[in-house]
Structure formats: structure tokens, C-alpha cells
Amino acid sequence: MTPQELTDIAVWADALTQDELPQAAAGVRMKTFERGQHVAHFSDYLDAWHGVIEGVLRVGHVSDTGQVAGVSAILGGGWFGEGSIIKDEARRYDVVAVTDAEVAIMRGDTFRWLFANSVGFNRFLVQLLNERLGQFIAIVGRDRTSSAVVRLAHTIAAMYNPVLFPRTPAEIEMPQEDLGVFAGISRQITNKSLQILANDGLITLIPTGLKVLDIEGLKDYGG
DNA sequence: GCATTAACAGCCG
DNA sequence: CGGCTGTTAATGC
């Protein structure tokens with residue numbers, strides 16, 4: 001793709017020099033996935049770095065009983081998969097499109113070239129990893145004690161982390177069942193909790209999704 | 001009480 | 001029909 005196209009879809013493109021930008025852009029292409037399609041399978045050897053341009057992906061792994069565990073969402077502007085490239089190993093998770101999604105794919109050698117040469121790119125990676133770590137620590141801290149509504153509110157708020165997902169739209173298209181998986185609660189309680197949050201004026205419900213009205217309110221919900 | 005699963009009817013493409 | 005939504009009943013921690 002062209003440097004301009006890359007700048008339009010990736011915030012980290014701004015951190016590259018004039019020399020680096022065309023190199024990066026040349027190694028990135030777009031691909032669309034339909035709801036339910038796998039972007040990456042567990043144990044796949046995928047030599048690529050992925051960015052979500054539109055839609056929602058779910059990363060996690062599936063147990064033998066079909067239960068999904070250890071999941072997190074990736075949405076607008078979120079990039080992932082650098083661990084497998086840097087460590088040169090197979091994927092440790094399944095990545096599935098929860099909604100129809102548009103995904104940018106960077107070739108592994110392009111990633112490694114930026115990793116070896118671009119100061120700005122590495123700064124972005126450090127910031128990305130740091131933010132992701134903070135998000136997981138926050139989950140561990142609140143998971144045991146909090147109620148379903150609070151968990152759901154924080155789960156939704158986390159989808160608007162400006163570093164991890166700088167382009168998440170106000171309206172998120174996502175079935176309540178998948179939202180429940182991200183929050184770690186059942187579909188029925190997800191439905192009830194969504195109605196409570198809507199009653200509080202933090203969100204409104206739309207067909208197959210929700211519209212966020214008050215991100216700060218969700219973040220601070222329940223304490 | 002609160003959450004989970006199972007099962008239901010209603011809605012919509 | 002098939003997927004999503006909203007609700008209720010039965011059960012468990």
C-alpha cells in the first residue's frame with residue numbers, strides 16, 4: 001500500500017521517518033474476514049503482524065469442551081501478534097473475527113526490518129506492550145470482587161483504550177453473547193447488565209451491538 | 001442474592 | 001429457517 005494509506009490506518013506510521021514509512025507501507029496489505037472466520041489458528045506459524053482496521057477480533061484459546069477461556073478483544077486500530085514474530089514461534093492463541101472485520105497484515109520481514117532499524121517503531125511497541133500489561137493487571141485486580149455489571153462496564157471501557165485501540169468507533173457491532181465472553185459472564189446476565197448501563201445513560205442498545213455515550217462513566221463505574 | 005444453564009417466544013433478514 | 005434478543009424457571013455457590 002502507499003505511505004498515505006498506511007498513515008490513514010495506523011497511528012504508529014506517524015512515528016516513522018520519511019525513509020522508513022515507504023518501507024513499512026510496502027510490506028502491508030489489507031484482508032477482510034467474515035464473522036466466525038479464523039484470522040489465526042492455535043499453533044499456526046504465521047509470519048505476520050496484524051492490525052484491526054474495522055470490526056472486532058477475539059483472541060483466546062478454546063478448550064476441548066468448546067469453552068472459550070482467557071480471551072480479550074481487539075478492535076479498531078489495535079495491532080497484535082508481535083510476540084510470535086519476535087520470538088519466532090508458533091501462535092499460542094486462536095484469533096477469530098467476532099464481526100465482519102477489515103485487517104491489515106504486515107509481512108514478518110518488514111516487521112523485523114522496522115524492529116531492527118526504526119527508533120520510532122520500537123517506541124510504539126514498548127508503549128503498546130506496556131499498555132497491554134497494564135490492562136491485564138487491571139483485570140486481575142478487579143475480577144474476583146466485582147459484580148457482573150461492573151465487570152461489563154470496565155470491559156467496554158477497556159475497548160476505548162487510546163493506545164491499544166485508537167480507532168474504536170462509538171458504535172460497536174457485537175452480539176451480546178460475545179460481549180459476555182469478553183467480560184466473563186453469561187449471555188443472559190450480559191443482557192441484564194447492558195440494560196442497567198443503558199438505564200444509567202452510559203450506553204444505548206442498538207441491533208447487534210451498543211453505542212457508548214460516556215466512556216469515563218464506564219471506566220469509573222462501581223467505584 | 002447473584003450467577004449459570006436451559007428453554008421459551010418474538011424479531012428480522 | 002437461523003441468528004440475536006429479551007425473559008423466565010430450575011439449580012448451585
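Heads up: the structure comes first, above all this text.
Residues numbered from 1 in each chain as written. Chains lettered and ligands numbered in written order. Predicted model: local features only at pLDDT ≥ 70, side-chain atom pairs only at ≥ 80, totals over all residues. Heavy atoms only, no water.

Which parts of the structure should I look at to understand the overall build of chain A?
Across its full length, chain A carries nine helices and 11 strands. At 18 Å, chain A has a C-alpha radius of gyration in line with the 17 Å of a compact globule built from 223 residues. In terms of overall dimensions, chain A has a C-alpha envelope of 50 × 40 × 30 Å along the principal axes. Out of the 223 residues in chain A, the part that is buried amounts to 45%. A separation threshold of at least 6 residues defines the contact pool for chain A, and within that pool the share at least 24 residues apart is 72%. When the accessible area of chain A is evaluated, it comes to approximately 11,300 Å², of which 51% is carbon and sulfur surface. Computing the positive centroid from 19 side-chain charges and the negative centroid from 27, chain A places the two 5 Å apart. (Helix = DSSP H or I, 4+ residues; strand = E, 2+ residues; numbered from the N terminus. Rg over C-alpha atoms; globule rule 2.2 N^0.38 Å. Buried < 20%, exposed > 50% of the residue type's maximum accessible area, 1.4 Å probe, protein only. Contact = heavy atoms within 4.5 Å. Areas by Shrake-Rupley, 256 points an atom, 1.4 Å probe, with all protein chains shown as cover. Lys, Arg positive; Asp, Glu negative; His and termini not counted. Charge placed at Lys NZ, Arg CZ, Asp CG, Glu CD.)

What is the right way to read the environment of A26 from this model?
With respect to the secondary-structure elements, A26 resides in helix 2 (residues 20–26). The class of A26 is exposed, set by a relative accessible area of 58%. Linking A26 and I196, residues 170 residues apart in sequence, is a C-alpha distance of 47 Å.

Can you help me understand the sheet that holds strand 11 (residues 209–212) in this one?
Consider a sheet: its strands pair through backbone hydrogen bonds, and that pairing is either parallel or antiparallel. In spatial order, the strands read 9-11-10; together these three strands make up an open sheet with antiparallel pairing. With partners counted over all chains shown, the strands left at the sheet margins are strand 9 (171–173) and strand 10 (203–206), one partner each. Across the sheet, the mean angle separating the axes of adjacent strands is 20° when strand polarity is ignored. (Pairing = 2+ DSSP bridges. Axes fitted to C-alpha atoms, helices over the stretch in contact; angles between N-to-C directions.)

Mind showing me how you'd approach the protein's contact with DNA strand B here?
Taken together, S147, A148, G184, I185, S186, R187, Q188 and I189 make up all the residues around DNA strand B. Protein-proximal atoms of DNA strand B, defined as those within 4 Å of the protein, fall in sugar or phosphate at a share of 46%. For DNA strand B, a phosphate oxygen lies 3.0 Å from a polar atom in the side chain of S186. Among the residues making up the surface near DNA strand B, the classes are represented as three nonpolar, four polar and one charged. (Near = heavy atom within 4 Å. Polar contact = N/O pair within 3.5 Å; in protein donor to acceptor, adjacent residues only side chain to side chain. Nonpolar A, V, L, I, M, F, W, Y, C, P; charged D, E, K, R; others polar.)

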